[in-house]
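Single-letter residue listing:
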Amino acid sequence: MPRRLFPLALALLMAFPRPAMALDASVWLELGKVQSLQADFIQVQTRTILKRPLESSGAVRFDRPGTLTWAVLTPARSTFSMGGGKATMELPDHRAHRVVDLATLPEFKRLAASVMVWLQADPVAVARDFTTTYAPSPPTIVLIPVDPTLGRLVKTIELGIAESPFRVAHVRIVEPTGDTVEIRFSKVVLDGVPVPDPAP
Amino acid sequence: MTPHRQLLALLALLGLSLAFAVRTEVSTNLLDALPTKGGFAEAYAEAQRFSLLDTILVDVDGSARPEALGEAIDNLGARLEAHPELFSVRYRVTLADAVAIHNAAAPHLAVLVDEGWLRETTTPAGLTVALQAAAARLSGPTGGLVAALLPTDPLDLGSTVTASMQQAGAGEGIAVVGGHFLDTTGTHGLLLVRTKGAAFGTTRASPLYKTLEAELAATPLPARWLGSAKFAAEARETIQSETQVAVGAGIALVAAVFLLAFRSVRPLLGTLPPALLGAGLAGAAASFCSPVHGLTLAFGGALAGLGVDYWIHLYLHAQKDGVGENFATRLAQGREALRHLGGAYAISVLATVTSFAMLVSSAYPAVSDLGLIGIGAVLGALVCVVLVGPLLYASLARPGDRVPSIPLPERVPGWLAAVGIVGLCALAAVAVGVRFDGDPRSLDARTAPTAALEAELDARWMGGATSIPTRTTPHLGTTAALVVAEGATLDEALAALSPAVTALSQRAPGVQVQSPLGLLPGPAERQARADAVADVVRIEADFAIAADVAGFDAATLLPGLRATLTATRAPSLTTWAETPLAELLGRTVRVDERGRATVAALLRAMSPEALRHAQYEVELSGADARFIHPAGLAELGAQHIRTELLTRSGLALGLVLLYLAVRFRDPVRVLAAAMPSLAAVAGTLGCHALFGHALTPASGPALVLVLGLAFDQGIFLVEGEQSGRSGFLAARAAILMALANAFAGFAGLLAASHPAVRGVGLVVTLGIASTAFGAFVLTPALLENPLTTRRWLRHGAFALVGFFVLDQMLALAGRIPPPSVTLPAVHQLDVRSATDRRFGPHRITRSQGIWVATLSGTPAEIGEAAAHLSGPIRDRAEADLYRTFNRLVPNRFVQYGLARGLPFLGRAIVTDSPPAYLEELAAYTQIGADPWRWLAPTYTRKLMMHALHDVGQAMVGTPMLDGCTGFVAGGQWTADGHWLLARNWDFGGGDPFSEDKAVIAVRRDGAIPYVSVAMMGLAGVVSGVNEAGIGIALQAAASDSPVRPGAPMIFIAREVLDSARSLDEAEAIVRARAGFVSEAVLVVDGEAGEAAIFEVTPDGVERRSAGTHLAQSNHLRGRHAGDTLNVERMAHGTTVVRLDRMQALLDERPVDIGRAIELLRDRGGYPDGDERAINADIAAHGVVIDATARSITVGAWPNVAGEFVTFRLADLLADELDGAIAAGADDPVRSLRVHLERERAATEAR
């Protein structure tokens, strides 16, 4: 190619938008590039043991490789954190503080990691623990547990994917009892860069 | 009988005995040597049943590849689990374990949860909290788990139960990492293997041993194992090899002795037939008690050597006047000698058989077998000598053979005999203190690598607690124990165990308890828990309201709640069958086919001290349960040996003396014949006592063997003397030969590494040496020079009587006559439990681990009541004080000097002390038996104990006392304006002062009521406060003022509390009494609001105002500040550092009781136990006195680490004896660890 045509070709390439990434197993590689994530969340649980759906809100922060803080601010304060080989649950209003050494319970650690697999975005763990279905429109990933222990807790995990940049925008967990948990994220900050909330 | 027939008869006998002997089965299993009946056997069986003795530690070394450790543990654990017929294995905790436990517990939750927790949780407030917490947890990322569990367990009891049960079995120093048991470095893993069979039977060929070795060899990482099975296998090999070597060496040495003495092999050949027939009949006897332990057989075989003695006597006696020229003459000589020795043989064999017959009834099979074997050996040898002895002599002796001359004088000076007898008397007196080590594991042996491995694994996995070598248990783990209870049903057994486990969990720090009660609550616990949730309707109503508020649909949760609360069905053994807890139950519960149950709590203490305290708490709990631990086993075994040895040896000695009396009919000859035996007993036991060696189940019976040997020598010597000089010389030569042979045979055992084998060697060699002294010095002296000997004996007796008279005169001169006191004797002691004793209006109980007592009335009434109430506490304290005395003053001569000398100080004490206290003490000493009366008269001794503080300070240079740190504070320097006095009483007088400390409220007629803390039976005061608000504490000090015997300081302190209502009055009392020694007396006046420190010396009293706050340690700061002793103490002691620290902390901010406790617990950044710290973990008590509130806040054992409990004087006087907890415990285990380090250092120093 003549040297003068190269900038032109480049300009042409840049002039056209990149096509949407096909939603397949490679999505985990994209999601896995995120080193830190923080966001506000609203979680709605619909359960038979509840009089009405329980809405809670708070903030989540994740730092790769495996530090997670899940802080619920309403209706009751609680903080769940994992990291350094320990899981900590704190209920400040009830002066309850429980620390579990995950190293002593490797199965529990794996269970917890499986539930939060969408944050870790570990393709090996996903392939090992779930049967995965990718739907392009709306971009959704459906995870069905393979492990029966996890299967007793979770029937499916649906991850709603947002693009630009790639991230999990909402999660819907369906339990074997029919109970559901929906989590929506807002004010997402990826690797220190705020991401605009998608249009409602 | 013709010689031919004699030979034929011998051969027939030999053949017959060998035919029996070959049927004997030899065992190396110690169980075959231990008692099968009696207390020891029962305790040992229980220790075996509950795997106390049979736990094997498997250590996997991952230091080279830490990342592979977990996999290696799993790999090894799985392979060991493949041998369920040999052992069970515990090596990891898994989530599946937790799920299984959770599922098993689910139907019984309300029965498994603590009653207090249930009551609190089911109040309206508790339910609200529980449900709101559930809602909060529901919002977390593990909400799904919470939601799944709530419908069946709305109060989340399951997680509480599961969490507590999962901890079962984890020990101190063991971290659970990745589900595995790792050490603190994370480089070593632990597997616990419990053997199915008794470890004592193990050999290297046992399936258990071989399997372990094979599986461990196949691990990818190095793994080693340790346990009783290894010790048993090694002991077997050591015993076998060392006994074989010793026997081989013995035979060679015996041959050498013969060759050296006779310079011919012929006499040696003559020993063979009697030795062979002796061994043959010994073997035949053994066949009747087969299987016979190898140790028994080895020592029994040595007994055949006794038969050699009969031959030697015959051989030498026959040639005493020259050997005949031809066979016939020699045969006649032999027959004549046999006729002459017939009497000696008869009495000798009677004596020896009597000795061994005493052993036959022993509870130890090893010992009873030895008795039977011994009888066989002796009879065999004698029969042989009687049958063919003359024939042998005629065949072997040659003209020219002579009785060997022995290098010992024929005549013994009388004075030497007298000195010898006095010496033996002294040894016999010392022998009373001989120790017995009855622990069967003292027969174990460690090879050097195993001993090193034991030390290493002990330090890694047991916190080093079991590696403390003690004199009584040189290599035993002393920190494991069992509490065992029985019942006709499982419920009965659990109910019996329950109080003990409750006491252990509440008041035994440093002790891990595994009991079945957590999994199988007893009837009392179940009832209490059912009562706690009995009002289901009310709870459901409150629950519905709380659920509604928390956002739950109550209707979906109420069925689960009702099911949980009403599920009163008790869990059973099958409940836990599918969980890892089944293994724990398997070790702690036994139910026989009739339903009779035995349950056990397994204890693992961090130190012997912690275990001893645990035992005390179990005793005080009133539980109908037995406390079993290795040291206890050893004590039981020792009692057995002591009883058996003393009764049987004594009986044998008595019978033999009777035979001798019948035979010789002359007291001097009887005494002469018995001398070697008496010397053997006194010498052997006395030397053991002097050098601190204990007799074991192996070495104890060897004493009887020595007795048998010694009887023979005395008898032959006296018989020889009766047959003339040549007969006497021949007997002496034969005795020397016999003793030399025995010595040669057994001396090799002294070099053995096995303690049991070496112990036998020691007993026999000491016995032989003593026998020789008796036979060559005492017996000849009595026989040849009776008049001189008697004269010297008379001198010796006069000297003994003179000493006794002088001693008694000294004792009488030192005796302090108690004041005349008439005991009221109007009340009866009412013992309601081990911790609740009442005597009329007087009472003692225990609150939060602290004794609390109230006493009132006249001095006589107070003394009488204190004695009745203190009862067992007093006995325990006395025993402990005696141990402390022995520890601090180990030299017996110095002890004797103190016992006789110190009471002379008592006269000055009596003159200076308030008569009321002496009357109280006199009344106290009139009640109860006094096992220590031999030391000094009871009243005299008790009075001197009240001066222990002063005498110790004056004489010992204060090593026990230089450590008290305290302060006074009040007014603006306390939070509520109250006047406080706080102090640590660092007094090394022994454990009772800390463990049995007592808060005592006293209302004496005519005196101000007061409360103080020290211990029961103390008529004085160390720290206390009276109703007028005067608080006082004593702290040791030093000055150059000469000691002036007078009223003990604790009496002066009590007089202040009895009488003073102001500092001025307190000062007047102190000035009036002056001081025995120098002292800093801290006094506060809660009423007037002031405090002072009186610096008391024998010269006078100096009052120093304390202002609002002032610290005090152990030096004087007034006019005696420059005294040499005070300056030395400041320069070289820790007093200045402690004072500066306390003052600095005090200056920081005003204090209250809580802050005061913090200061008393301050370690100042020093290493734990450093005596520069205020809290050096040595305080007998820590106390905060609130003089304004008239209360006393005392720390429970240990030191200041236990809970601090407040007692108000007014409450105590109103018979409200329960204290209120002012501060929780402060890591008592840490304090105990300091004790452990001190004990270890002291042991190493010893």
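Residues numbered from 1 in each chain as written. Chains lettered and ligands numbered in written order. Predicted model: local features only at pLDDT ≥ 70, side-chain atom pairs only at ≥ 80, totals over all residues. Heavy atoms only, no water.

## Digging into the overall build of chain A
Tallying secondary structure elements over chain A gives six helices and twelve strands in all. Residues counted as buried form 40% of the 200 residues belonging to chain A. Within chain A, residue pairs in contact and separated by at least 24 positions form 37% of the contacts whose partners lie at least 6 positions apart. Summed over its atoms, the accessible surface of chain A is roughly 11200 Å², and 61% of this surface lies on carbon and sulfur atoms. (Helix = DSSP H or I, 4+ residues; strand = E, 2+ residues; numbered from the N terminus. Buried < 20%, exposed > 50% of the residue type's maximum accessible area, 1.4 Å probe, protein only. Contact = heavy atoms within 4.5 Å. Areas by Shrake-Rupley, 256 points an atom, 1.4 Å probe, with all protein chains shown as cover.)

## Here we look at the overall build of chain B
Each helix and strand counted, chain B has 43 helices and 33 strands in total. Across the 1246 residues in chain B, those meeting the buried criterion constitute 59%. Across chain B, the fraction of contacts at a sequence separation of at least 24, relative to all contacts at a separation of at least 6, is 76%. As displayed, chain B has an accessible area near 46200 Å², and 60% of this comes from carbon and sulfur atoms.

## What to know about the side chain of H180(B)
All names here are of chain B. If you trace the backbone, H180 turns up in strand 5 (residues 180-182). A polar contact is formed between the side chain of H180 and the backbone oxygen of G70, at a distance of 3.4 Å. If sequence neighbours within four positions are ignored, H180 has contacts with G70, I73, D74, Y91, R92 and A175. (Polar contact = N/O pair within 3.5 Å; in protein donor to acceptor, adjacent residues only side chain to side chain.)

## Brief notes about the packing of aromatic side chains
Residue and element names in this part refer to chain B. Enumeration according to the criterion identifies eight aromatic pairs over all chains in this entry. Over the aromatic face of W851 sits the side chain of R846, whose NZ or CZ is 5.4 Å from the ring centroid. Between the NZ or CZ atom of R874 and the centre of the ring of Y924, over which it lies, the distance is 5.0 Å. (Phe/Tyr/Trp six-rings, centres within 6.5 Å; stacked < 30°, edge-to-face > 60°. Lys NZ or Arg CZ within 6 Å of the ring centre and 35° of its normal.)

## Comments concerning the confidence of the model for chain A
All names here are of chain A. A residue-level look at chain A finds 78% of positions with pLDDT of 70 or above and a mean pLDDT of 78. Per-residue pLDDT, averaged within each element of chain A, yields its smallest value for helix 1 (residues 5-15) (39) and its largest for strand 1 (residues 36-46) (92). Across residues 1-21 the pLDDT falls below 50, and counting only partners more than four positions away or on other chains, this stretch makes six contacts in the model. (pLDDT = per-residue confidence, 0-100.)

## Remarks on the sheet that holds strand 31 (residues 1191-1195) of chain B
Residue and element names in this part refer to chain B. On the basis of which strands lie adjacent, the open sheet formed by seven strands has the order 29-20-21-30-31-32-33 and antiparallel pairing. A strand with exactly one partner marks an edge of an open sheet, and here the two such strands are strand 29 (1109-1112) and strand 33 (1220-1223). Within this sheet the neighbouring strands show an average axis-to-axis angle of 20°, counted without direction. Inspection of the sheet shows strand 30 (residues 1181-1186) paired to strand 31 by four bridges, in the antiparallel sense. Residue pairing in the sheet places V1184 in a bridge with T1193 of strand 31. Strands strand 20 (965-969) and strand 29 of the sheet are contacted by helix 40 (residues 1135-1148), whose axis makes an angle of about 160° with strand 29. (Pairing = 2+ DSSP bridges. Axes fitted to C-alpha atoms, helices over the stretch in contact; angles between N-to-C directions.)

## A look at the environment of V154(A)
Residue and element names in this part refer to chain A. Within the secondary structure, V154 is located in the loop between helix 6 (148-151) and strand 9 (156-162). Considering only alpha carbons, one finds V154 and I173, 19 residues apart in sequence, at a separation of 7.0 Å. If sequence neighbours within four positions are ignored, V154 has contacts with P145, I173, V174, E175 and P176.

## Remarks on the pattern of salt bridges
Residue and element names in this part refer to chain B. Using the criterion set out here, one finds 54 salt bridges over all chains in the structure. With a shortest N-O distance of 2.8 Å, D1162 and R1141 are connected by a salt bridge. With D1162 in the loop between helix 41 (1153-1160) and strand 30 and R1141 in helix 40, this residue pair connects regions lying 21 residues apart in the sequence. The partly exposed category is assigned to R1141, whose relative accessible area is 32%. Between R1163 and D1177 there is a salt bridge; the shortest N-O distance is 2.6 Å. Placement of R1163 in the loop between helix 41 and strand 30 and of D1177 in the loop between helix 41 and strand 30 is noted, with a sequence separation of 14 residues between them. (Salt bridge = Lys/Arg side-chain N within 4 Å of Asp/Glu carboxyl O.)

## Observations regarding helix 21 (residues 554-566) of chain B
The α-helix advances 3.6 residues per turn, and as a result positions three or four apart in sequence lie on the same side. Residues and elements named next belong to chain B. Given a rise of 1.5 Å per residue, 13 residues ought to cover 18 Å, and the 18 Å separating the end C-alpha atoms of helix 21 matches this to within 8%. Inspection of helix 21 places A554, L557, G560, L561, T564 and L565 among the buried residues, and these make up the whole buried set. One side of helix 21 carries all its buried residues, which in axial view fall inside an arc of 130°. Seen from the open side of helix 21, the exposed residues pointing more than 90 degrees away from its buried face are A555 and P559. (Expected span 1.5 Å × (residues − 1). Arc of directions from axis to C-beta.)

## Description of the sheet that holds strand 23 (residues 1010-1015) of chain B
Residues and elements named next belong to chain B. As summarised here, the arrangement of the eleven strands in space is 16-17-18-19-22-23-24-25-26-27-28, forming an open sheet in which the pairing is mixed. Edge positions in the sheet fall to strand 16 (829-833) and strand 28 (1100-1105), since each of these pairs with one other strand and no more. Going across the sheet, the axis of each strand differs from the next one's by a mean of 20°, ignoring polarity. Here strand 25 (residues 1030-1036) runs beside strand 26 (residues 1079-1085); their pairing, made up of seven bridges, is antiparallel. Each bridged residue has a counterpart across the sheet, and for G1031 the counterpart in strand 26 is V1084. On the sheet, helix 23 (residues 608-621) packs against strand 18 (842-847) and strand 19 (850-857) and is oriented at approximately 130° with respect to strand 18.

## A few points about the nonpolar core
Y310(B), W311(B), Y345(B) and L660(B) are the most contacted members of the largest nonpolar core, which totals 111 residues. Residues in contact with Y310(B), not counting those within four places in the same chain, are Y345(B), S348(B), V349(B), T352(B), V378(B), A381(B), L382(B), V385(B), D712(B) and F716(B). (Core = buried A, V, L, I, M, F, W, Y, C linked by side-chain atoms within 4.5 Å.)

## Some details on the confidence of the model for chain B
Residue and element names in this part refer to chain B. Mean pLDDT over chain B: 83, with 89% of residues reaching 70 or higher. Contacts from residues 464-477, a stretch scored under 50 in pLDDT, to residues over four places away or in other chains number 39 contacts. Across residues 956-960 the pLDDT falls below 50, and counting only partners more than four positions away or on other chains, this stretch makes nine contacts in the model.

## Looking at unusual backbone geometry
The residue after T74(A), namely P75(A), is reached through a cis peptide bond having omega 0°. Of note, P75(A) is situated in the loop between strand 3 (67-74) and strand 4 (78-83). With a phi angle near 55°, D156(B) is a residue other than glycine that sits in the positive phi range. Within the element layout of this structure, D156(B) appears in the loop between helix 8 (143-149) and helix 9 (157-166). Phi is positive for D1215(B), close to 70°, though the residue is something other than glycine.

## Details of the packing of helix 40 of chain B against helix 41 of chain B
Residues and elements named next belong to chain B. Taken N-terminus to C-terminus, the directions of helix 40 and helix 41 make an angle of 155°; their axes are 11 Å apart at the nearest point. Here helix 40 lies roughly antiparallel to helix 41, going by the angle between them. As helix 40 packs across helix 41, the resulting crossing turns out to be right-handed. On the side of helix 40, the interface is formed by M1142, L1145, L1146 and E1148, while helix 41 contributes R1155, L1159 and L1160. Counted by class, the contact of helix 40 with helix 41 contains five nonpolar, no polar and two charged residues. (Parallel < 35°, antiparallel > 145°, perpendicular 65-115°, else oblique. Left-handed = near helix turned anticlockwise from the far one by under 90°. Nonpolar A, V, L, I, M, F, W, Y, C, P; charged D, E, K, R; others polar.)

## Considering the side chain of E878(B)
Along the chain, E878(B) turns up in helix 30 (residues 859-888). Residue class for E878(B) comes out buried when judged on its relative accessible area of 8%.

## Some points on a nonpolar patch on the surface
Residue and element names in this part refer to chain B. Taken together, the side chains of L259, V265, L269, L272 and L276 present a nonpolar region at the surface, about 430 Å² in accessible area. On the secondary structure map, L269 appears in helix 12 (residues 266-287). Since its relative accessible area comes to 41%, L269 is described here as partly exposed. (Patch = residues over 30% accessible without salt bridge, like charges linked within 9 Å, V, L, I, M, F, W, Y side chains within 5 Å.)

## Observations concerning the packing of helix 1 (residues 3-21) of chain B against helix 12 of chain B
Residues and elements named next belong to chain B. The N-to-C vectors of helix 1 and helix 12 enclose an angle of 35°; their axes lie 7 Å apart at closest approach. When you trace helix 1 past helix 12, the crossing you get is left-handed. Residues L10, L13, L14, S17, L18, F20 and A21 of helix 1 pack against P273, L276, L277, G280, L281, G283, A284 and S287 of helix 12. A class-by-class count of the residues in the contact of helix 1 with helix 12 yields eleven nonpolar, four polar and no charged.

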